[in-house]
Amino acid sequence: NDDHMTLLENEMASRWMLYYTGGAARASLGFDLWLQEATKNAHLARGTLLYERAHSVLCMSYQLQGCILRDMMHFPEAHRAFRRAFLVAQELHSPEMMGASLAREGVTLTQQDLSGEAVTYLSQALEVVKHLGFVTLEGYILQGLSEAQAKDQSDASWGSLASAEARLGLESQV
């Protein structure tokens, strides 16, 4: 029901906050149980008015799982989580979530020193969200793209960085 869905959404927000403030190790505590609940809830919501909300929680759960695993340097598992997040985002037809999933995978590839592949993922992420009004997301994608390009020793890094600064500067004006 709606109350249960709100509870799950609030828990998802709390888990992201814990990840940002307490780190991957703390955020990983009980995460498998959380993911099972999010998956079960998404399954139960098929064909209901809560479908989109339940699948958004599931997508964000997979993205968080990928971030946790990336930080713990479990890269193959992180990539699987980001791909699952992308598939759920595709099912929702959500460019924002698709772009975020691709961007997080790109950042993971950069962390693995696979900058050529990272540039590909980050460029795809940028194409997905370009001109849709996701100014902050575009800025962060461009920031990641700049870093991957710099690791790849590409001069395009400076252009991406300037674009990122411009987007993130727009954010403060909005």
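In this text, all values refer to a predicted model and were calculated from it rather than measured experimentally. (Residues numbered from 1 in each chain as written. Predicted model: local features only at pLDDT ≥ 70, side-chain atom pairs only at ≥ 80, totals over all residues. Heavy atoms only, no water.)

(A) Structural detail: the packing of helix α3 (residues 31–45) against helix α4 (residues 51–71). At a closest axis distance of 8 Å, the pairing of α3 and α4 adopts a crossing angle of 155 degrees. As far as their axial angle goes, α4 and α3 are roughly antiparallel. Every pair of crossing elements has a handedness; the one defined by α3 and α4 is left-handed. For the pair α3 and α4, the contacting residues are Phe31, Trp34, Leu35, Ala38, Thr39, Asn41, Ala42 and Ala45 in the first and Tyr51, Ala54, His55, Val57, Leu58, Ser61, Tyr62, Leu64, Gln65 and Ile68 in the second. Tallied by class, residues from the contact of α3 with α4 come to 13 nonpolar, five polar and no charged. (Axes fitted to C-alpha atoms, helices over the stretch in contact; angles between N-to-C directions. Helix = DSSP H or I, 4+ residues; strand = E, 2+ residues; numbered from the N terminus. Parallel < 35°, antiparallel > 145°, perpendicular 65-115°, else oblique. Left-handed = near helix turned anticlockwise from the far one by under 90°. Contact = heavy atoms within 4.5 Å. Nonpolar A, V, L, I, M, F, W, Y, C, P; charged D, E, K, R; others polar.)

(B) Here's a closer look at the packing of aromatic side chains. Here the structure, examined in full by the defined rule, presents three aromatic pairs. Judged by centre distance (5.9 Å) and plane angle (90 degrees), the rings of Trp16 and Tyr19 are edge-to-face. Of this pair, Trp16 and Tyr19 both sit in helix α1 (residues 2–22), separated by three residues, roughly a single helical turn. Accessibility expressed as a relative area gives 9% for Trp16, which makes it buried. A relative accessible area of 8% places Tyr19 in the buried class. Joined through ring pairs, the aromatic side chains of Trp16, Tyr19 and Tyr20 make up one cluster. (Phe/Tyr/Trp six-rings, centres within 6.5 Å; stacked < 30°, edge-to-face > 60°. Buried < 20%, exposed > 50% of the residue type's maximum accessible area, 1.4 Å probe, protein only.)

(C) Layout of the environment of His93. Mapping His93 onto the fold places it in the loop between α5 (75–92) and α6 (95–111). Measuring from C-alpha to C-alpha, the distance between His93 and Gly133 comes to 16 Å, with 40 residues separating the pair along the chain.

(D) Main features of the pattern of salt bridges. In total, this model carries nine salt bridges according to the counting rule given. Among the ionic pairs, Arg15 bridges to Glu11, the shortest N-O distance being 3.1 Å. Here Arg15 pairs with Glu11, and both are found in helix α1, just four residues apart, close to one helical turn. A salt bridge links Asp71 to Arg70; its shortest N-O distance comes to 3.4 Å. For Asp71, a relative accessible area of 35% translates into the label partly exposed. Overlapping salt bridges bring together Asp2, Glu9 and Arg53 as one network. (Salt bridge = Lys/Arg side-chain N within 4 Å of Asp/Glu carboxyl O.)

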